[in-house]
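Letter by letter, the chains look like this.
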Amino acid sequence: MDGSVWQQKWVIGNWKMNGRLQDNNALVHNLRTLPEMPRVCIGIAPPTVYLLQAFNAVQIVLDNPIRTCAQDVSRFAGKGAYTGEVSAEMLADVGVDIVLIGHSERSLYFNEKNDTQRHKIENVLKAGITPLLCVGESLEEREDGREKEAVAYQLSVLKGLPTKNFVVAYEPVWAIGTGKVATKEQIADMHEFIYREVLLLCGEGVNIRVLYGGSVNEKNAAEIFSVPHVDGALVGGASLKYESFSAIIRAAQEA
């Protein structure tokens, strides 16, 4: 991706396990009609089976390039006897620009840990794709005052990577899909902490984008984007409807 994206607000729609061919076409068609949003990097992350459909649908977008994002990638590199897996090279082959790594739902339902996430990030970088690492504490960790300890451990997978470009999404687990949103003070504090940690791990002069995720919608987006060190949003359910997702994109443009 070109250098300008590291100054833009990022708005990435994570569709999770949602979507059908007809619905996808309607949503992307509407997104293609958006007026020019030069201050926003827009991305959509459909399920793997719809990635090529999404990539083909956004190719003709000139005013607002829409990045094709994958929700996950195999920890195995190259090719081989790994039934059901999709490699980073395959994702690159169908036009993927960005891959989500370490989403809390992968940890919760598939027991993924740091070592698995490190393998995935390395594979994605070798394929020329940008990894987007998701981090965030559980409610128990927040209530025990261990939220920074938890996030620092998750961020440790970034150390020593062969890149100067780092994208992190802070998603407090207790706010994902619950309708709860961290306070502005909590978001500002954690985003500043993440910036400092990435600089410590990866050195000065790196490009950093830190997104907030966790029940972001058209009603709270503007307030979230006003928080220092918030470089955009990873949007869940609100990204499935054009009206709500486009409102979030407009809020990012105006931030």
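Residues numbered from 1 in each chain as written. Predicted model: local features only at pLDDT ≥ 70, side-chain atom pairs only at ≥ 80, totals over all residues. Heavy atoms only, no water.

The protein is annotated in an unreviewed UniProt entry as Triosephosphate isomerase of Kingella pumchi. UniProt's Sequence similarities (unreviewed entry) comment on the protein is quoted here verbatim: "Belongs to the triosephosphate isomerase family." (UniProt positions renumbered as here; feature names shortened; annotations may be inferred.)

**Things to note about the pattern of salt bridges**
A complete count under the given rule lists 12 salt bridges for this structure. Residue Asp-72 is joined to Lys-120 by a salt bridge in which the shortest nitrogen-to-oxygen separation is 2.7 Å. Residue Asp-72 is located in the loop between β3 (66-70) and α3 (88-93), and its partner Lys-120 is located in helix α5 (residues 114-126); the two are separated by 48 residues in the primary sequence. A salt bridge links Lys-148 to Asp-189; the nearest nitrogen and oxygen atoms lie 3.1 Å apart. Here Lys-148 is found in helix α7 (residues 147-155), whereas its partner Asp-189 is found in helix α8 (residues 184-202), with 41 residues between them in sequence. Residue class for Lys-148 comes out partly exposed when judged on its relative accessible area of 28%. Linked by salt bridges that have partners in common, Asp-72, Arg-106, Glu-112 and Lys-120 make up one network. (Salt bridge = Lys/Arg side-chain N within 4 Å of Asp/Glu carboxyl O. Helix = DSSP H or I, 4+ residues; strand = E, 2+ residues; numbered from the N terminus. Buried < 20%, exposed > 50% of the residue type's maximum accessible area, 1.4 Å probe, protein only.)

**Some details on unusual backbone geometry**
Unusually for a residue other than glycine, Lys-16 sits at a positive phi of about 55°. With respect to the secondary-structure elements, Lys-16 resides in the loop between β1 (9-14) and α1 (21-31).

**Some remarks on the sheet that holds β3**
Strand order in the closed barrel made by the eight strands is β1-β2-β3-β4-β5-β6-β7-β8, with parallel pairing throughout. Going from strand to strand, the sheet's axes swing by 25° on average, the running direction of each strand aside. The strands that helix α2 (residues 51-58) touches are β2 (40-45) and β3; relative to β3, the one it contacts most, it runs at about 170°. In the packing of α5 onto the sheet, contacts are made with β4 (98-101) and β5 (130-135), and the angle to β5 comes to roughly 160°. (Pairing = 2+ DSSP bridges. Axes fitted to C-alpha atoms, helices over the stretch in contact; angles between N-to-C directions. Contact = heavy atoms within 4.5 Å.)

**Topic: the pairing of β4**
Alternating positions in β4 separate into two faces, Ile-98 and Leu-100 on one and Val-99 and Ile-101 on the other, with burial throughout. By the bridge criterion, two bridges tie β3 to β4 in an arrangement that is parallel. Looking across to β4, one finds that Cys-69 is bridged to Ile-98. The handedness of the β3 to β4 crossover, carried by α3, is right-handed. Pairing between β4 and β5: four bridges, direction parallel. For Ile-98, the partnering residue across the bridge sits in β5 and is Thr-130. (Right-handed = clockwise from strand over helix to strand, strands pointing away.)

**Examining the UniProt feature "binding site: substrate" (unreviewed entry) in the protein**
Summarizing the sequence annotation, UniProt attributes the feature "binding site: substrate" (unreviewed entry) to Asn-14, Trp-15, Lys-16, Gly-177, Ser-215, Gly-236 and Gly-237 in the numbering used throughout. A maximum C-alpha distance of 13.6 Å is found for the annotated residues, which run over 224 residues; spatially they form one tight group. With respect to the helices, strands and loops of the structure, Asn-14 is situated in strand β1. Apart from residues lying up to four places away in sequence, Asn-14 is in contact with Ala-45, Gln-71, Leu-100, His-103, Leu-234, Val-235, Gly-236 and Ser-239. At 3.1 Å, the side chain of Asn-14 forms a polar contact with the backbone nitrogen of Lys-16. Relative accessible area serves as the criterion here: at 22%, Lys-16 is assigned to the partly exposed category. When near neighbours in sequence (up to four residues on either side) are disregarded, Lys-16 contacts Ala-45, Pro-47, Gln-71, His-103, Glu-105 and Ile-176. (Polar contact = N/O pair within 3.5 Å; in protein donor to acceptor, adjacent residues only side chain to side chain.)

**Some details on the UniProt feature "active site" (unreviewed entry) in the protein**
Per the UniProt annotation, the sites labelled "active site" (unreviewed entry) are His-103 and Glu-171. The annotated residues occupy 69 residues of the chain but converge on a single region, no pair of C-alpha atoms lying more than 8.5 Å apart. The residue His-103 is located in the loop between β4 and α4 (104-110) in this model. Apart from residues lying up to four places away in sequence, His-103 is in contact with Asn-14, Lys-16, Cys-134, Glu-171 and Ile-176. Relative to the elements of secondary structure, Glu-171 occurs in the loop between β6 (165-170) and α8. Residues contacting Glu-171, with those up to four places away along its chain left out, are His-103, Cys-134, Val-135, Gly-136, Ile-176, Gly-213, Gly-214 and Leu-234.

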